[in-house]
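Architecture and fold: a report
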Amino acid sequence: MIRIGYSEDIHPFDESRKLYLGGLYIEGAPGLKGHSDADVVLHSLAEAILGALALGDLGDHFPDTDPRYEGISSVLLLNEVVAIMREHNYHVNNVDIQICAAKPKLAKYKKEIAKNIAVMLDVKDDQVSVKACSYNGLGIIGEGKGIKSVASVLLETNN
């Protein structure tokens, strides 16, 4: 059986925090506001996996009212979601992610983010696609007020 998941996540900038995208620290860029480390890439991916499994969203599993998750690395959250996926006898076939930001410019980070995600999901590099867009000055993303990530995932049952 196959299952498809999709999710979007968006966070405003917070100058007092560090920026993490796909588990990668982006030096010299403002961070994002959120209860965890606010890694929009890993949030959208984890939620797409949960959605494919019809198991709710990140807030159901890691509520922002729980102090255990305050400032937590989204890598740890994704690891938990991957464990849940495996408990349900699924694995990732492929992932497609688009990161939308006017700043910082993401072209030089896309491959490294994709490799990080491939390692976290235990898949080959060619099973993870990471793209970037800027919104060309339109809306809150284009105006440089935050970052958005969109993720699609195809899951398959283990044989």
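Residues numbered from 1 in each chain as written. Predicted model: local features only at pLDDT ≥ 70, side-chain atom pairs only at ≥ 80, totals over all residues. Heavy atoms only, no water.

1. Some remarks on the side chain of Asp 66
- Take Asp 66: it is sitting in the loop between α2 (58-61) and α3 (74-87).
- What makes Asp 66 buried here is its relative accessible area of 16%.
- A polar contact is formed between the side chain of Asp 66 and the side chain of Arg 68, at a distance of 2.6 Å. (Helix = DSSP H or I, 4+ residues; strand = E, 2+ residues; numbered from the N terminus. Buried < 20%, exposed > 50% of the residue type's maximum accessible area, 1.4 Å probe, protein only. Polar contact = N/O pair within 3.5 Å; in protein donor to acceptor, adjacent residues only side chain to side chain.)

2. Comments concerning the pattern of salt bridges
- A complete count under the given rule lists five salt bridges for this structure.
- The partner of Lys 148 in a salt bridge is Glu 8, with the nearest N and O atoms 3.2 Å apart. You can see Lys 148 sitting in strand β5 (residues 146-157) and its partner Glu 8 sitting in strand β1 (residues 2-21), a full 140 residues away along the chain.
- The buried category is assigned to Lys 148, whose relative accessible area is 16%.
- In this structure Glu 8 comes out as partly exposed when scored by relative accessible area, which is 41%.
- Residues Lys 131 and Asp 96 are paired through a salt bridge, measuring 2.7 Å at the closest nitrogen-oxygen approach. (Salt bridge = Lys/Arg side-chain N within 4 Å of Asp/Glu carboxyl O.)

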